[in-house]
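Structure at a glance
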Amino acid sequence: MAQTLLQVEDLHTQFFTSRGVVRAVDGVSLHIDVGETLGVVGESGCGKTITALSILRLVPDPGKIVSGRILFRGNDVVKMDDDEIRDFRGNDVAMIFQDPMTSLNPVTRIGSQIEEAMTAHKRFTPEQAKSRVIELLTRVRVPSAETRAKDYPHQFSGGMRQRAMIAMGLANEPSLLIADEPTTALDVTVQAQIIQLMKQLNRELGTAMMLITHNMALVASLCQRVVVMYAGRVVEEGPVEQIFKSPQHPYTWSLLRSVPRVDEARKDRLVSIKGLPPDLSNPPPGCKFHPRCPFVIDRCRVEEPPLGEVGPDQVARCWVLMRNVSEGDVATAKQSSISVAAAENLKAPVADIGTKSGS
Amino acid sequence: MIAGRPNRGALLPARLSALTDSRVGSLVFFIIRRILWMIPIVFFVILITFLLMHLAQGSPWDKAGGRQLSAAVVNNLNIKYGLNKPEYQQFELYVWNVLHFDFGLSYQYEGKTVTGLIAEGIPYTATLGVLAFIIIVPVGVGLGVLAALRQNTRVDYITMGFATAAASFPNFVIGALMVVVFSVLMAKWTQHSFFLPAADFGLDDHLIMPVITLALLPIAYTARLTRASTLDTIRQDFIRTAWAKGLTERLVVIKHVLKNSLIPVVTTLGPTFAFLVTGSLIVETVFNIPGIGRAFVTAVESRDYPMILGTTILFSIIIAIANLVVDVTYVFIDPRVRLA
Ligand SMILES: Nc1ncnc2c1ncn2[C@@H]1O[C@H](COP(=O)(O)OP(=O)(O)O)[C@@H](O)[C@H]1O
Ligand code: SF4
Ligand SMILES: [Mg+2]
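Residues numbered from 1 in each chain as written. Chains lettered and ligands numbered in written order. Predicted model: local features only at pLDDT ≥ 70, side-chain atom pairs only at ≥ 80, totals over all residues. Heavy atoms only, no water.

1. Remarks on the interface of chain B and chain A
Rule in force here: Contact criterion: two residues are considered in contact whenever any of their non-hydrogen atoms come within 4.5 Å of each other. Summed over both partners, the accessible area lost on bringing two parts together, with a 1.4 Å probe, is the buried area. The working definition used for a salt bridge is a side-chain nitrogen of Lys or Arg within 4 Å of a carboxyl oxygen of Asp or Glu. Polar contacts, as counted here, are pairs of nitrogen or oxygen atoms within 3.5 Å of one another; within protein the pair requires one atom able to donate a hydrogen and one able to accept it, and residues that are adjacent in sequence qualify only if both atoms are side-chain atoms. In this description a helix means any DSSP run of H or I spanning at least four residues, a strand means any run of E spanning at least two, and both kinds are numbered starting from the N terminus.
Residue-level contacts link 27 residues of chain B with 29 residues of chain A. Here chain B and chain A share an interface that buries about 2500 Å² over both sides, 57% of which is from carbon and sulfur atoms. Three residues, R240, A244 and K245 of chain B, lead the burial of chain B against chain A; their summed loss comes to 24% of the area buried on that side. Taken together, chain B and chain A are joined by two salt bridges. Here chain B and chain A share 15 residue pairs in polar contact (both at pLDDT 80 or more) between them. Elements with a contribution of two residues or more to the side of chain B that touches chain A: α1 (11-18), α9 (237-244) and α10 (249-278) of chain B.

Written as structure tokens, this is what we have:
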């Protein structure tokens, strides 16, 4: 049995805005084992980033972790005091952000930004930290690392900056690396290189990884297990092959139908799912996916389904489940869902298309 | 460890090493070019001032000695100072003299050179300006940072309330108020044992009120700018990265927030310094300080053409140098800046 590294239990993170409470993370539970790669997928605005920021207790104002536990090797992150959380960040768990162009300090040398990630903690002496900067940059394949370490971020390309961010993340040999859409802001060819690099690092270092993405292809190539999030909740979870082979939640099924080809990764907006994810300050009653679900039944509109066991290590939050949908209904659903190309041709807001074809 | 390697904390040596030979070369080139640019700038300043002076009503001899001079005397004076010549010739002569560092004789103080009069005023104006500047930087920046880090708390509200109030009162009102409170009333309340002097100016405790009066507006301005810039920086992605590394709050604030948020503040300090030195004319008039500012005001009142031109040239050079210093500083504090 694998050892659990991180266990998130019934996490609720909310934003207290002037327009009401936004339930960004609404009862999320998930776990990551030592050395494991977990994919977290879902469309934009489903609470992936806020879940990750909650784990590091970096939720921006006016957001707050309202309830739940985040156990890292058994210690509750939510209850840590200032010194404990400071020592936890970047040391036990490191995070790589979506936009490498804005995530590095523009007026500080790259090397120094990596070095301070180490000097902030006790794992390495200041001398070791200095020499490790070059090692790390070499490891993430930054050419002529010694001279490039003295560069400022504006002298690095986007891909190089993301490599530097990864080097920074790996600096203290964390047990868990959270990567929040690490390739979304990059060019297609650079994306492939970064994915290749992360794959390799995970193999070489055995660092557990939580990979946040809305790109199913990326999950398939990097992850062992996957958590599908919708409207601040986990709607399906299971081993990657199983989820890809037999998704049980209609949302997962829709996501998989919209897998972009790798060569199209830059345009991987999930236009093929009709409609938009709900406004999390005012979510629909019942199943949060019901306004967009092709297989909706009456019960879905009033009562929210629980996460139920649907296979070995696989759970899903649905009253119907894909295996109970008839072939004919699946075919009809495929017909009515709009293709990426068609949606782009129409140049109309996707939400409008959803209501029109839905009525 | 390599011996003699600059310390991690030593900001300047590390920065200087960023200036490669070619960057040092371009910096020197840049400074020389900017200094050469001052020549046409000063020329146009002279031209425009000259035009404005001669467009304005009145002549230097209107009120000399408090009564109207006879036409014959005025004519003699005009001949003596070359004012009978065509204006373009006057201009040519003036520029020619300036090229030889001769700024002429004052009209209102007989026998005194403009250079001499300005030299007499400089110690006062410079002392005022430098002292005010020394107060403004730490107080303005400090208040701004404090307000930003304690956003929407009482500290923030009080600081910004003060800044808004200070920015909305004109200099002379603040100066006059201070004289009333700290000199007149204070002297009365304490039976003349403690009060701030307001007459017979000297470079001693007479400086307190003028310096504060002069500094108040730039402090308010600097504090507001610092606060806005710091709040803007705190929201940036790289600040989240800094927190995610597990840095202490002190390091996050100093190494990441301030190093970025103070860049726009530094760029305004040049104009602020120029404002202090050139803009002290109101304060000098209110507190009766014999500085260049007051000399400029009296020169304008009495149409003392050479004095007006001399002070204007000095002011324009100070402004140009202040801006040059800022641009060079910029290169050191922001690695993204390229010299144009
Ligand atoms: N600063 C904020 N203020 C208010 N609401 C926010 C803020 N940040 C995120 N949210 C809300 O939280 C929800 C989840 O956001 P996020 O976790 O960033 O989604 P994603 O899955 O795209 O990473 C969003 O729908 C958004 O409404
Ligand atoms: S519960 Fe109903 S609406 Fe929700 S996903 Fe399942 S079938 Fe669709
Ligand atoms: Mg996100």
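2. Some details on the nonpolar core
Taken as a class, soluble globular proteins show a tendency for nonpolar side chains to be buried jointly. Residue and element names in this part refer to chain A. Selection criterion: Here, nonpolar core means buried Ala, Val, Leu, Ile, Met, Phe, Trp, Tyr and Cys residues that are tied together by side-chain atoms lying within 4.5 Å of each other. Residue burial is assigned from relative accessible area. The probe radius is 1.4 Å, only protein chains are included, and a residue is buried under 20% of its type maximum, exposed over 50%, and partly exposed in between. Those domain boundaries reflect an automatic or database domain assignment.
In terms of nonpolar packing, the biggest core is built from 108 residues, with I114, I166, L176, I178 and Y251 touching the most fellow members. Tallying contributions element by element places helix α6 (residues 158-170) first for this core, with seven residues. The residue makeup of this core includes at least three contributed by each of domain 1 (4-223) and domain 2 (247-356). When neighbours within four sequence positions are excluded, Y251 is seen to be in contact with G42, E43, C46, V228, M229, Y230, V235, I273 and F289.

3. Here we look at the site of ligand 1
Residues and elements named next belong to chain A. Let me state the cut-off plainly: Any residue with at least one heavy atom within 4 Å of a molecule or strand is counted as near it. With residues, only the protein chains shown are counted as cover, and all accessible areas are computed by Shrake-Rupley using a 1.4 Å probe. When residues are grouped by polarity, Ala, Val, Leu, Ile, Met, Phe, Trp, Tyr, Cys and Pro land in nonpolar, Asp, Glu, Lys and Arg in charged, and all others, Gly among them, in polar.
Inspection of the region around ligand 1 gives 13 residues, with G45, G47, K48, T49 and I50 positioned closest. Contact between ligand 1 and T49: an oxygen atom at 2.6 Å from a side-chain N or O atom of the residue. Within the backbone of I50, a nitrogen or oxygen atom sits 2.8 Å from an oxygen atom of ligand 1. In the complex, 70% of the free accessible area of ligand 1, which totals 560 Å², lies under the protein chains. Mapped by element, the contributors of at least two residues to the shell around ligand 1 are β1 (4-17), β2 (20-33) and α1 (48-55). Here the shell around ligand 1 gets three residues from one element, more than from any other, and that element is α1. Partitioning the shell around ligand 1 into residue classes produces six nonpolar, five polar and two charged.

4. Considerations on the site of ligand 2
Every residue near ligand 2 is listed here: H249, P250, C287, F289, H290, C293, F295, C300, P305, C318, W319 and V320 of chain A. Broken down by class, the residue content of the shell around ligand 2 amounts to ten nonpolar, two polar and no charged.

5. Notes on helix α4 (residues 87-99) of chain B
Residue and element names in this part refer to chain B. Keep this limit in mind: Each residue after the first adds 1.5 Å to the expected span of a helix. Working note: the arc is built from the helix axis to C-beta atom directions.
Between its first and last C-alpha, α4 extends 18 Å over 13 residues, near the 18 Å set by a 1.5 Å rise per residue. Those residues of α4 not exposed but buried are Q90, F91, Y94, V95 and V98. Taken around the axis of α4, the buried residues stretch over an arc of 130°, which confines them to a single face. The exposed set on the far side of α4, more than 90 degrees from its buried face, consists of Y88, E92, W96 and L99. Following α4 by one or two positions, F101 has its phi on the positive side, about 55°.

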